[in-house]
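Results of the structural survey
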Amino acid sequence: MMRARTGFLVDGIFITHWHADHFLGIVGLVQTLSFMGRKEPLPVYGPEWVHEAVSGIRSLSRFNVKFPIQSVEMKHGSSLMFDGYTVWAFETNHGLGSVGYVLEEDPRPGRFNRQKAVELGIAPGPLFGRLQRGEPVRIVRDGIAVDIHPDEVMGPPRPGRKIVYTGDTRPVHHRICDMCSDADLLIHDATYDDESMERAREVFHSTAGEAGMVADAIGAHTLALVHISSRYTSTASHIRDAEKRFGGKVIAPSDLDMMEIPFRDNGGQKSE
Ligand SMILES: [Zn+2]
Ligand SMILES: [Zn+2]
């Protein structure tokens, strides 16, 4: 977080599963947050065993931590609303209790049709703002009071962006289709390339080809292959295997890489 310069304003922590390498970092983070003067409670969201794990984190952090650490269990279909977005959990398949997460932004208001507003006789100014906020306005046209409804000048709402994060898992698209359809970005386990299909099955991970299959099944726009095993010195075979199954964009990002996710326009059409 220091290197990515995200700041330390943490509203909550979402954990996909309780393998130690996926959550022990919370202990250090909690110390840092406390050192920086945090007083607000810190919720930790995760699958079954979250209460036990958080109680372990609490006992490892017993000195100098001046804020409560809360535990919240997430199951298939659990959702949490935040300011401007919702987080959903879906069950994954990693050989222990595990979930993935969907982050979905609230829809944005439709586009304001300025020309139409002018044609209807609305004077540019504060009335435009009220219509854009969804409030009806009253104007006087040819000596008669006329009510203008926002629908007359606003296009249909535009979808927010959607990111699906699977965490470590075998492919589970049959469980997530409804929640994850049309994701702008799918971040999927791709520990192995397709040559190690057997190994992936044994240890409850996915191959890049399987990640591609899921991306295709849920109609994702971009697929990010992550959790690639350190046995590989290049990600070329992963990209190739995913591209065999998925026609969209495939990337294998490194830690701290940044990408911008463009908004989609009306009608589900994605704009570049
Ligand atoms: Zn892992
Ligand atoms: Zn794991």
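Before any of the text, the structure's been laid out above.
Description of the structure in this document. Nothing here was measured: the structure is a model prediction, and the numbers come from that model.

Of the protein atoms, only H17 (NE2), H19 (ND1), H94 (NE2) and D168 (OD) coordinate the zinc ion (ligand 2), at distances of 2.2 to 2.4 Å. Considering all four donor atoms around the zinc ion (ligand 2), the spread of angles at the metal, 90 to 169°, places the coordination shape in the irregular class. Each donor residue of the zinc ion (ligand 2) belongs to the same chain, and together they define the spacing H-x1-H-x74-H-x73-D. In this structure, the zinc ion (ligand 2) is positioned 3.4 Å from the zinc ion (ligand 1), and both are ligated by D168. Taken together, the residues H17 in the loop between β1 (13–14) and α1 (25–35) and H94 in the loop between β5 (85–91) and β6 (99–105) connect sequence positions 77 residues apart. Classification of H17 by relative accessible area gives buried; the value is 0%.

Another aspect to go through is the layout of surface pockets. Looking at the largest pocket, its volume works out to about 2100 Å³. Only β1, α1, β5, β6, β9 (162–165), β10 (185–189) and β11 (222–226) provide two or more residues apiece to the lining of the largest pocket. Residue composition of the lining of the largest pocket, by class: 30 nonpolar, 12 polar and eight charged.

What follows concerns the sheet that holds strand β3 (residues 69–73). The strands that make up a sheet are held in pairs by hydrogen bonds between backbone atoms, and each pair lies either parallel or antiparallel. With parallel pairing, three strands are arranged side by side in an open sheet as β1-β2-β3. With one partner strand each, in any of the chains shown, β1 and β3 form the two edges of the open sheet. The pairing of β1 with strand β2 (residues 42–46) spans two bridges and is parallel. Among the inter-strand pairings, I13 is bridged to a residue of β2, identified as V44. Along the sheet face, helix α2 (residues 50–60) touches β2 and β3 and points at about 165° away from the line of β3.

Take the coordination of the zinc ion (ligand 1) next. For the zinc ion (ligand 1), every protein donor is listed as H22 (NE2), D168 (OD) and H227 (NE2), and the spread of their distances is 2.0 to 2.1 Å. Counting along the primary sequence, the residues that act as donors to the zinc ion (ligand 1) give the motif H-x145-D-x58-H. Owing to a relative accessible area of 33%, H227 belongs among the partly exposed residues under this scheme.

Note that T86 resides in strand β5. A sequence separation of 33 residues divides T86 from E119, and the C-alpha atoms of the two residues are 38 Å apart. Once residues lying within four places of it in the same chain are set aside, the contact partners of T86 are S79, L80, M81, V102, L103, E104 and D106.

With eight of its 11 residues buried, helix α7 (residues 208–218) lies for the most part within the structure. Of all the positions in α7, only A208, G209, E210, A211, G212, V214, A215 and I218 are classed as buried. G219 sits one or two positions beyond α7 and adopts a positive phi of about 70°.

This paragraph deals with the pattern of salt bridges. Side chains bearing opposite charge may pair, as long as their charged atoms lie close to each other. Using the criterion set out here, one finds 11 salt bridges in the structure. Across the pair R133 and E135 runs a salt bridge whose closest N-O atoms are separated by 3.6 Å. Residue R133 is classed as exposed on the basis of its relative accessible area of 59%. Here R264 ties to D184 by a salt bridge, and the two come within 3.1 Å at their closest N and O atoms. Placement of the pair is R264 in the segment after β12 (249–251) and D184 in the loop between α5 (173–180) and β10, with a sequence separation of 80 residues. Judged by relative accessible area, which is 4%, D184 ranks as buried. Bridged by salt links that share partners, the residues R130, R133 and E135 form one connected network.

Let us look at α1. Every buried residue belonging to α1 is among I26, V27, L29, V30, L33 and S34, and all of these are buried. Buried residues along α1 cover an arc of 165° about the axis, so they all sit on one side. Within α1, the exposed residues directed more than 90 degrees away from the buried face are G25 and F35. Turning to α1, the residues buried within the fold contact β1, β2, α2 and β3. Looking at the residues trailing α1, positive phi occurs at G37, about 95°.

Conventions we followed
Counting restarts for each chain: residues are numbered from 1 in the order of the written sequence. Whichever chain is written first becomes A and whichever ligand is written first becomes 1, with later ones labelled in order. Reporting of local features is limited, given that this is a predicted model, to residues whose pLDDT is at least 70; pairs of side-chain atoms are given and counted only at 80 or more, and all residues count toward the totals for whole chains, interfaces and linings. Computation of side-chain values: all heavy atoms of the structure, hydrogens and water removed. Sites may look incomplete, because water is not among the atoms used; the donor set itself consists of N, O and S atoms within 2.8 Å of the metal (3.2 Å for Na, K and Ca). Irregular is the default label, applied whenever a site is not tetrahedral (four donors, all angles between 85 and 135 degrees) and neither square planar nor octahedral (four or six donors, opposite donors over 155 degrees apart, all other angles between 65 and 115). Put simply, DSSP marks the helices as runs of H or I at least four residues long and the strands as runs of E at least two long, and each gets a number from the N terminus on. Only protein chains enter the accessibility calculation, which uses a 1.4 Å probe. A residue is then buried if its area is under 20% of the maximum for its type, exposed if over 50%, and partly exposed in between. The pocket and cavity definitions rest on a 1 Å grid over protein atoms only: a 1.4 Å probe that fits but cannot leave marks a cavity, an open set with protein on both sides within 12 Å along at least five of seven lines marks a pocket, and residues lining either have an atom within 4 Å of a point. Grid points are joined across faces, edges and corners, and a volume is the space filled by probe spheres set on the points. When residues are grouped by polarity, Ala, Val, Leu, Ile, Met, Phe, Trp, Tyr, Cys and Pro land in nonpolar, Asp, Glu, Lys and Arg in charged, and all others, Gly among them, in polar. We call two strands paired when DSSP finds no fewer than two bridges between them. The contact criterion used throughout is that any non-hydrogen atoms of two residues lie within 4.5 Å. Axes, fitted as lines to C-alpha atoms, cover a helix only where it is in contact. Angles between the N-to-C directions of the axes lie from 0 to 180 degrees. By convention in these notes, a salt bridge is any Lys or Arg side-chain nitrogen within 4 Å of a carboxyl oxygen on Asp or Glu. Throughout, the arc means that of the directions going from the helix axis to the C-beta atoms.

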